[in-house]
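# Remarks on the overall topology
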Amino acid sequence: MSMTGLDKWYGYIKSHDRAALWDLLHPDAVFESPVVHTPQRGRDITFKYLASADKVLGGPGFAYTGEWRSDSGAVLEFQTEIDGIKLNGVDIITFAADGRITNFKVMVRPLKAINLLHRLMGEQLAAAQAAASK
């Protein structure tokens, strides 16, 4: 039995294997952030956002608490706590016929959590950019 794109996503969440994440993303993948107005287009930028989000959110308290599937995607509800702030959100993931992610949209609540996430993601993306330019 072959693994679905969603199975591979769950595998990445457990392993944090960046190569697996890269392979899972379609070259034309689009990332939609809860704090960035415009969609981020392409595998490179989608990878940067998702890898950074894994570092910010993917600690031991991160858990998916709900799942709703369709033929071409899934909505995954998650929760975690960072710096005493409870964060709740959803990942809305669309997959191509080959199982690769074509669209990844994140929604987060409450506002206090969005503000924290905005700051932490900005710091993480800046650190990744600085490391890449060395």
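This text follows the structure it describes.
### A look at the overall build of the chain
Of regular secondary structure, the chain possesses 4 helices and 6 strands. For the chain, the sequential pattern of α-helices and β-strands runs α-α-β-β-α-β-β-β-β-α. Viewed in the frame of its principal axes, the chain has a C-alpha envelope of about 40 × 40 × 30 Å. Every one of the 134 residues in the chain was classed for burial, and the buried ones make up 40%.

### Thoughts on the side chain of Thr-80
Note that Thr-80 resides in strand E4 (residues 73-82). The class for Thr-80 is buried, based on a relative accessible area of 9%. Apart from residues no more than four positions distant in its own chain, Thr-80 is found in contact with Leu-57, Gly-61, Phe-62, Ile-85, Lys-86 and Leu-87.

### Digging into the pairing of strand E6 (residues 101-109)
One ladder, built from 4 bridges, connects strand E1 (residues 25-32) with E6; its direction is parallel. The partner of Val-30 across the bridge, within E6, is Asn-103. In terms of strand pairing, strand E5 (residues 85-95) meets E6 through 8 bridges, oriented antiparallel. Residue pairing in the sheet places Asp-91 in a bridge with Val-106 of E6. Linking two consecutive strands that pair antiparallel, namely E5 and E6, is a turn of 5 residues; a positive phi of about 90° is found at Gly-99 within it.

### With respect to helix H1 (residues 5-15)
When we look at burial in H1, the residues that qualify are Gly-5, Leu-6, Trp-9, Tyr-12 and Ile-13. One face of H1 carries all of its buried residues, which in axial projection span an arc of 115°. For H1, the secondary structure elements touched by its buried residues are helix H2 (18-24), helix H3 (43-57), strand E3 (63-69), E4, E5 and E6. At the C-terminal side of H1, His-16 shows a positive phi close to 60°.

### Here's the deal with the environment of Glu-67
In this structure, Glu-67 sits in strand E3. Leaving out residues up to four positions away in the same chain, Glu-67 has contacts with Leu-6, Tyr-10, Val-75 and Leu-76. A polar side-chain atom of Glu-67 sits 2.4 Å from a polar atom in the side chain of Tyr-10. At 2.5 Å, the side chain of Glu-67 and the side chain of Arg-69 are in polar contact.

About the thresholds
Residues numbered from 1 in each chain as written. Predicted model: local features only at pLDDT ≥ 70, side-chain atom pairs only at ≥ 80, totals over all residues. Heavy atoms only, no water. Helix = DSSP H or I, 4+ residues; strand = E, 2+ residues; numbered from the N terminus. Buried < 20%, exposed > 50% of the residue type's maximum accessible area, 1.4 Å probe, protein only. Contact = heavy atoms within 4.5 Å. Pairing = 2+ DSSP bridges. Arc of directions from axis to C-beta. Polar contact = N/O pair within 3.5 Å; in protein donor to acceptor, adjacent residues only side chain to side chain.

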